[in-house]
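Residue strings, one per chain:
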Amino acid sequence: MQKNHQPDKQFLQEMGALLAARAGQGRMAPPPSLTHLAEHIASARRYQKLTRAALALKMGVSEAEIYALEQGLLSYAELDLPFLGKLAVALNEDIETLL
């Protein structure tokens, strides 16, 4: 059975809203430290054999947020302690590794 790899409409809408908000704040490129964190999270997710959708479900957030996180599109302000705590639990990581 062939899997359909087209993004769903909700994902595209959520991603569009995240990018529009970021562009409205005049910042598109993430700082290097945020890029490093994004790469670490994507690597940890793959190591745990989780899809973005599965990680989003474990955290109670949208798949678009996980995608934006892994692309370094979320700001430090959006990465608050409760969010990072949920991320650490979902990835079986110490929160200190994410700070």
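Our subject is the structure that appears above.
Position labels on residues start from 1 in each chain and follow its written sequence. Local features in this predicted model are restricted to residues of pLDDT 70 or higher, and side-chain atom pairs are both shown and tallied only at a pLDDT of 80 or more, whereas totals for entire chains, interfaces and linings draw on every residue. Hydrogen atoms and water are omitted, and side-chain values are computed over all heavy atoms in the structure.

Asker: Where do I start with the overall build of the protein in this structure?
Answerer: In this description a helix means any DSSP run of H or I spanning at least four residues, a strand means any run of E spanning at least two, and both kinds are numbered starting from the N terminus. Within the protein, the regular secondary structure consists of 5 helices and 0 strands. The order of helices and strands in the protein, counted from the N terminus, is α-α-α-α-α. Buried positions account for 33% of the 99 residues belonging to the protein. Residue contacts are counted whenever heavy atoms from the two residues lie within 4.5 Å of one another. Restricting to contacts in the protein with at least 6 residues of sequence separation, those with at least 24 account for 64%. Using a 1.4 Å probe, accessible areas were evaluated by the Shrake-Rupley method; residue-level cover was limited to the displayed protein chains. When the accessible surface of the protein is summed, it comes to about 6500 Å², and 57% of that surface belongs to carbon and sulfur atoms. Buried residues are those whose accessible area, probed at 1.4 Å on protein chains only, stays under 20% of the maximum for their type, while exposed residues exceed 50% and partly exposed ones sit between those limits.

Asker: How should I be thinking about the packing of helix H3 (residues 52-59) against helix H5 (residues 81-90) in this particular structure?
Answerer: With their axes 9 Å apart at the nearest point, H3 and H5 run at an angle of 120° to one another. In this view, H3 runs oblique relative to H5, as classed from their interaxial angle. Where H3 crosses over H5, the two elements pack in a sense that is right-handed. Contact with H3, carried on its side by Leu 55, Lys 58 and Met 59, involves Phe 83, Lys 86, Leu 87 and Ala 90 of H5 and no other residues of that element. In this analysis an axis means a line fitted to C-alpha atoms, helices contributing only their contacting stretch, and an angle means the value between N-to-C directions, from 0 to 180 degrees. Under this scheme an angle from 65 to 115 degrees is roughly perpendicular, one under 35 degrees roughly parallel, and one over 145 degrees roughly antiparallel; angles in between are oblique. Each crossing gets its hand from how the near helix is turned against the far one by less than a right angle, where anticlockwise is left-handed and clockwise is right-handed.

Asker: Sorry, what's going on with the nonpolar core here?
Answerer: By size, the foremost hydrophobic cluster in this structure holds 22 residues, and its most contacted members are Leu 55, Met 59, Leu 79 and Leu 87. Those elements giving two or more residues to this core turn out to be helix H2 (32-47), H3, helix H4 (63-70) and H5. Ranked by residue count, the leading element in this core is H5, at 5 residues. Leave out the neighbours within four places in its chain, and Leu 55 touches Arg 45, Leu 50, Ile 66, Leu 87, Ala 90 and Leu 91. Put simply, buried Ala, Val, Leu, Ile, Met, Phe, Trp, Tyr and Cys residues joined by side-chain atoms within 4.5 Å make one nonpolar core.

Asker: Which parts of the structure should I look at to understand the environment of Leu 91?
Answerer: Following the sequence through the fold, Leu 91 ends up in the segment after H5. Exposure remark for Leu 91: the relative accessible area of 1% places this residue in the buried category. Sequence-distant contacts of Leu 91, that is, excluding residues within four places in its chain, are made with Ile 41, Ala 44, Arg 45, Gln 48, Leu 50 and Leu 55.

Asker: Please explain the environment of His 40 as it appears in this structure.
Answerer: Within the secondary structure, His 40 is located in helix H2. Considered as a pair, His 40 and Thr 97 are 57 residues apart in the sequence and their alpha carbons are 9.3 Å apart. Those residues in contact with His 40, other than ones at most four positions away along the chain, are Glu 93, Thr 97 and Leu 98.

Purely geometric numbers; function is a separate question.
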